[in-house]
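One-letter residues, chain by chain:
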Amino acid sequence: MSTAATPEAAAQLLFPPNVQYNNSRLYTVKFLSSCFAGAVAGVLGLENTLGFALFVFSTLLTSSCLYLKCKGRPAKFVPGGWWELVNPGQENTFSFVLVWTLFYVYD
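Source: prediction; values computed, not measured.

A closer look at the packing of aromatic side chains
Working step 1: Using the criterion set out here, one finds 6 aromatic pairs in the structure.
Working step 2: Between Tyr27 and Phe31, the ring centres sit 6.4 Å apart and the planes meet at 15°, which makes this aromatic pair stacked. Highlighted residues: Tyr27 and Phe31, both in helix α2 (residues 16-43), separated by 4 residues, approximately one helical turn.
Working step 3: Aromatic side chains Phe52 and Trp100 sit 5.2 Å apart centroid to centroid with 85° between the ring planes, which places their arrangement in the edge-to-face category. Within this pair, whereas Phe52 is found in helix α3 (residues 48-69), its partner Trp100 is found in helix α5 (residues 90-103), the two being separated by 48 residues in sequence.
Working step 4: Chaining the aromatic ring pairs together yields one cluster made of Phe52, Phe55, Phe96 and Trp100.

Notes on unusual backbone geometry
As a rule of thumb, non-glycine residues mostly have phi less than zero, and peptide bonds are mostly trans rather than cis.
Working step 1: A positive phi angle, near 50°, is found at Asn48, a position not held by glycine.
Working step 2: By the secondary structure assignment, Asn48 is in helix α3.
Working step 3: Located in the positive-phi region is Lys71, a residue other than glycine, with phi close to 60°.
Working step 4: Take Lys71: it is sitting in the loop between α3 and α4 (82-86).

Here we look at a positive patch on the surface
Working step 1: On the surface, Lys69, Lys71, Arg73 and Lys76 cluster together into a patch of positive charge.
Working step 2: The residue Lys69 is located in helix α3 in this model.

Considering α2
Working step 1: Its 28 residues place the ends of α2 40 Å apart at the C-alpha level, agreeing with the 40 Å of an ideal helix rising 1.5 Å per residue.
Working step 2: Buried within α2 are the following residues: Val19, Leu26, Lys30, Ser33, Ser34, Cys35, Ala37, Gly38, Ala39, Ala41 and Gly42.
Working step 3: Of the residues flanking the end of α2, it is Gly45, one or two places downstream, whose phi is positive at about 75°.

Details of a nonpolar patch on the surface
Working step 1: On the surface, Val43, Leu102, Phe103 and Val105 cluster together into a nonpolar patch covering about 380 Å² of accessible area.
Working step 2: Checked against the element boundaries, Phe103 lands in helix α5.
Working step 3: According to the relative accessible area criterion, Phe103 is partly exposed, its value standing at 39%.

Regarding the nonpolar core
Working step 1: Listed in full, the 7 residues of the largest apolar core are Ala37, Ala41, Leu46, Leu54, Phe55, Phe96 and Trp100.
Working step 2: Setting aside its immediate chain neighbours within four residues, Phe55 contacts Ser34, Pro88, Asn92, Thr93 and Phe96.

Remarks on the side chain of Asn92
Working step 1: Structurally, Asn92 can be placed in helix α5.
Working step 2: Setting aside residues no more than four positions away along its own chain, Asn92 makes contact with Tyr27, Lys30, Phe31, Ser34 and Phe55.

Some remarks on the side chain of Thr62
Working step 1: Checked against the element boundaries, Thr62 lands in helix α3.
Working step 2: Looking at Thr62, the relative accessible area reads 15%, which means it is buried.
Working step 3: Within the local environment of Thr62, its side chain forms a polar contact with the side chain of Ser33, the two groups lying 2.7 Å apart.
Working step 4: Setting aside chain neighbours within four positions, we find Thr62 in contact with Val29 and Ser33.

So, how was this worked out
- Residues numbered from 1 in each chain as written.
- Predicted model: local features only at pLDDT ≥ 70, side-chain atom pairs only at ≥ 80, totals over all residues.
- Heavy atoms only, no water.
- Phe/Tyr/Trp six-rings, centres within 6.5 Å; stacked < 30°, edge-to-face > 60°.
- Helix = DSSP H or I, 4+ residues; strand = E, 2+ residues; numbered from the N terminus.
- Patch = residues over 30% accessible without salt bridge, like charges linked within 9 Å, V, L, I, M, F, W, Y side chains within 5 Å.
- Areas by Shrake-Rupley, 256 points an atom, 1.4 Å probe, with all protein chains shown as cover.
- Salt bridge = Lys/Arg side-chain N within 4 Å of Asp/Glu carboxyl O.
- Lys, Arg positive; Asp, Glu negative; His and termini not counted.
- Charge placed at Lys NZ, Arg CZ, Asp CG, Glu CD.
- Expected span 1.5 Å × (residues − 1).
- Buried < 20%, exposed > 50% of the residue type's maximum accessible area, 1.4 Å probe, protein only.
- Core = buried A, V, L, I, M, F, W, Y, C linked by side-chain atoms within 4.5 Å.
- Contact = heavy atoms within 4.5 Å.
- Polar contact = N/O pair within 3.5 Å; in protein donor to acceptor, adjacent residues only side chain to side chain.

Now the structure itself:
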């Protein structure tokens, strides 16, 4: 297997249709994870920092599972590597807040 010395050369080793498919699946998993975490935070009645702590925990847990699924080499499957797995993205953060408020249980 050949290794690339520069990031540009490494990016050329990735097959674009596979990268597009992987990014699509990665987005779907992150979206579902953030929505589920929002529902859990809402049902548990978490407020303020505890709710966002659950979101951070959920993001890290999802990233860890995806890292294991990539067999410890996420850069082989997703451009951006580990950072792309950990980054929740703005749209997923807003989805978390939306579902959190939708499922919030008042005492």
